[in-house]
Amino acid sequence: MTTQRGLPRNEILIGDAVTRLSELPSASVDCVITSPPYFALRDYGHAGQLGLETDVDGWVQSVLRVTSEVRRVLKPTGAFWLNLGDSYAHHLREGAPKKSLLMGPERIALSMTRGGWLLRNKVIWAKTNPMPSNVTDRLSATHEFVYFFTKSPTYFFDLNAIRVPHSSGHTHGHSPKKSRVYPPAGALPTRTDRPPNLNTGLAAMSDSGVVGHPLGKNPGDVWQMGTASFHGDHFAVFPPRLIERPLLATCPERVCTACGLPWLPSQKRLSGRLLAIGPLQAACACGAGWQLGLVLDPFFGAGTTALVAEKHQRDWLGVELNPEYAALASTRLADWRATQEGATP
């Protein structure tokens, strides 16, 4: 399917990421979730592939050429989630002393912020089932980073869609309130002085026996998730849960077909509070229709981003250098759709 603006949707574009992204309209994508090949980790069997540069700085520049095009095609309200892993130097010419961490992800993140990106989070993906390691002179590497970038200070972010259950339930009793003593006016504060509690919202929730937000708590920036397994010819596959949280938070369900702004939830009362959990409504005055939000993955691989997008009723767009991997992803998507069509309602 192709929009009137010439923007493909629900398609895999075969070719180099920079080249294919340059063909897309500016400010046309709502969200980008991707993981480029890591430096000196795997050979995916295609000439010109990213990740086989001679040194880590060359890899950084290759990734930055992609992120530059991502910045152009991303809407001002959009978000960019970039999963990166580090590696160790085998020789000084790779960019660090032998056996030292190359700090590749940090080099990319610093370069992007210098180029105008806003780095909103550095999420730690703590792997619950990391690959076994036979190293004996350092700790095993059991995490990767997922960087959350935006183009502007104001962007679409639906925290309610990704809240998690509170670790504790409602309180069942309250200890007697202690009277607070404050220093005389004009006195210098001491280490034992405490300012008044101005967080009346939290205080009111505590007095009513509520431990936090009625929809759950903020999931934070440490995500404990397992790696994914896939019975195919692709070496590295996104775990669906790692895509799901960024997608739900930053790829809107609906966007205006005229101006492209996200539709937002209306206010609805829950547990005595007005929350943005009601039916979606236009945030603009265009009076036009809507279409699904669009997530882009410039390193499409086995197509997990598309699977998660379709599961949650979003449109997707992929770019893949290797035609064999693109065919693999297409087959995987077709198989998944067949299981959905055959599922009992």
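Per chain, the residues get numbers from 1 upward, laid out in the order the sequence is written. In view of the model being predicted, local features appear only for residues whose pLDDT reaches at least 70, and side-chain atom pairs are presented and counted only at 80 or more, with totals across whole chains, interfaces and linings using the full set of residues. As a convention, hydrogens and water are excluded, and side-chain values are obtained from all of the structure's heavy atoms.

Caption draft 1: Quick peek at the sheet that holds strand 2 (residues 29–34). Strand pairing follows a simple DSSP-based rule, namely that at least 2 bridges must link the two strands. Comment: elements are numbered from the N terminus, with helices defined as DSSP H or I runs of at least four residues and strands as E runs of at least two. Taken in spatial order, the eight strands line up as 1-12-11-2-3-5-4-6 in an open sheet, and their pairing is mixed. Looking along the sheet, the strands with just one partner apiece sit at the ends: strand 1 (11–14) and strand 6 (222–225). Averaged over all pairs of adjacent strands, the angle between strand axes in this sheet comes to 20°, irrespective of strand direction. In this sheet, strand 5 (residues 143–150) lies alongside strand 3 (residues 74–84) in antiparallel orientation, the contact comprising six bridges. Residue pairing across strands places Asn83 opposite Val146, the latter belonging to strand 5. We call two residues contacting when some pair of their heavy atoms lies within 4.5 Å. Comment: axis = line fitted to C-alpha atoms, over the contacting stretch for helices; angle = value between 0 and 180 degrees taken between N-to-C directions. Sheet strands touched by helix 5 (residues 240–250): strand 2, strand 3, strand 4 (118–127), strand 5, strand 6 and strand 11 (294–297). Its angle to strand 6, the strand with the most contacts, is close to 140°. Here helix 6 (residues 304–311) sits on the sheet in contact with strand 2, strand 11 and strand 12 (315–320), set at roughly 175° to strand 12.

Caption draft 2: Molecular detail of the packing of aromatic side chains. Classification of ring pairs uses Phe, Tyr and Trp, with its six-membered ring standing for Trp, and accepts pairs whose centres are within 6.5 Å; under 30 degrees between planes counts as stacked, over 60 as edge-to-face, and the remaining range as tilted. Applying the stated criterion across every chain, the model contains eleven aromatic pairs. Seen from their ring centres, Phe145 and Tyr147 are 5.8 Å apart, and the 55° between their planes marks the pair as tilted. With respect to class, Phe145 is no different from Tyr147; both count as buried. The interplanar angle of 25° and the centroid separation of 5.8 Å between the aromatic rings of Phe148 and Phe157 together place this pair among those described as stacked. Each member of the aromatic cluster is reached from another via a ring pair, and the members are Phe80, Trp117, Phe145, Tyr147 and Phe149. The buried label applies to any residue whose accessible area, calculated with a 1.4 Å probe on protein chains only, is under 20% of its type's maximum; exposed applies above 50%, and partly exposed to all values in between.

Caption draft 3: Layout of the nonpolar core. Counting residues in hydrophobic clusters, the biggest one holds 36 residues, and the most contacted among them are Trp59, Phe80, Ile108, Met112, Phe149 and Leu296. At the level of secondary structure, the elements contributing two or more residues to this core comprise helix 1 (17–22), strand 2, helix 2 (56–73), strand 3, helix 3 (104–114), strand 5, strand 11 and strand 12. Those residues in contact with Phe149 that sit more than four places away from it in its chain are Ala79, Phe80, Leu82, Ala109, Met112, Thr113, Trp117, Leu118 and Leu119. What is meant by a nonpolar core is a set of buried Ala, Val, Leu, Ile, Met, Phe, Trp, Tyr and Cys residues, joined one to another through side-chain atoms within 4.5 Å. One finds Ile33, Trp81, Cys251 and Ala329 within the second-largest nonpolar core, a separate group that totals 27 residues.

Caption draft 4: Local environment of helix 6. Among the eight residues that make up helix 6, seven are buried, leaving the element largely enclosed by the rest of the structure. Of the surrounding elements, those touching the buried residues of helix 6 are strand 2, helix 5, strand 11, strand 12 and helix 7 (323–341).

Caption draft 5: How the structure looks around the pattern of salt bridges. Here, a salt bridge means any Lys or Arg side-chain nitrogen found within 4 Å of an Asp or Glu carboxyl oxygen. Within the structure shown, the criterion is met by nine salt bridges. For the salt bridge of Glu244 with Lys311, the shortest nitrogen-to-oxygen distance reads 3.6 Å. Here Glu244, found in helix 5, pairs with Lys311, found in helix 6; they are 67 residues apart in sequence, far enough to count as distant. Judged by relative accessible area, Glu244 falls into the partly exposed class, the value being 21%.

Caption draft 6: Seen up close, the packing of helix 6 against helix 7. Where helix 6 contacts helix 7, the axes come no closer than 9 Å and their chain directions differ by 25°. When the axes of helix 6 and helix 7 are compared, the pair comes out roughly parallel. For the crossing formed where helix 6 meets helix 7, the hand is right-handed. Only Arg332, Leu333, Trp336 and Arg337 of helix 7 make contact with helix 6, whose side of the interface consists of Thr304, Ala306, Leu307, Glu310 and Lys311. Here the contact of helix 6 with helix 7 is composed, by residue class, of four nonpolar, one polar and four charged. Angle categories are assigned with fixed cut-offs, so that under 35 degrees is roughly parallel, over 145 is roughly antiparallel, 65 to 115 is roughly perpendicular, and the rest are oblique. Handedness of a helix crossing follows the sense of rotation of the near helix relative to the far helix, less than a right angle counterclockwise being left-handed and clockwise being right-handed. Polar here means any residue other than Ala, Val, Leu, Ile, Met, Phe, Trp, Tyr, Cys and Pro, which are nonpolar, and Asp, Glu, Lys and Arg, which are charged; Gly is therefore polar.

Caption draft 7: Just the environment of Asp297, in detail. Looking at the element boundaries, Asp297 is found in strand 11. Separated by 216 residues in the primary sequence, Asp297 and Trp81 have C-alpha atoms spaced 9.8 Å apart. If sequence neighbours within four positions are ignored, Asp297 has contacts with Ile33, Thr34, Phe238, Thr305, Leu317, Gly318 and Val319. Polar contacts, as counted here, are pairs of nitrogen or oxygen atoms within 3.5 Å of one another; within protein the pair requires one atom able to donate a hydrogen and one able to accept it, and residues that are adjacent in sequence qualify only if both atoms are side-chain atoms. Of note is the side chain of Asp297, whose polar atom sits 2.6 Å from the side chain of Thr34. Here Thr305 takes part through its side chain, which lies 2.9 Å from a polar atom of the side chain of Asp297.

Caption draft 8: Geometry of the side chain of Arg314. Relative to the helices and strands, Arg314 is located in the loop between helix 6 and strand 12. We note that Arg314 is buried and unpaired, the nearest opposite charge coming from Glu253 at a distance of 4.7 Å. Polar side-chain contacts of Arg314 include one of 2.8 Å to the backbone oxygen of His312. Aside from chain neighbours lying at most four places away, what touches Arg314 is Leu247, Leu248, Cys251, Pro252, Glu253, Leu292, Gly293 and Ala309. Counting rule applied: Lys, Arg positive; Asp, Glu negative; His and chain ends not counted.

Caption draft 9: Just the environment of Arg163, in detail. For Arg163, the position within the fold is in the loop between strand 5 and helix 4 (200–207). The sequence separation of Arg163 and Asn218 amounts to 55 residues, and the corresponding C-alpha distance is 5.2 Å. Apart from the residues lying within four places of it in its own chain, the contact partners of Arg163 are His213, Leu215, Gly216, Lys217 and Asn218. There is a polar contact of 3.0 Å between the side chain of Arg163 and the backbone oxygen of Gly216.

Caption draft 10: Seen up close, the confidence of the model for the chain. The quantity called pLDDT is the predictor's confidence in a given residue, expressed from 0 to 100. Across the chain, the average pLDDT comes to 84, with 79% of residues at or above 70. In the model, residues 171–200 has pLDDT below 50 throughout and makes 15 contacts with residues more than four positions away in sequence or in other chains.

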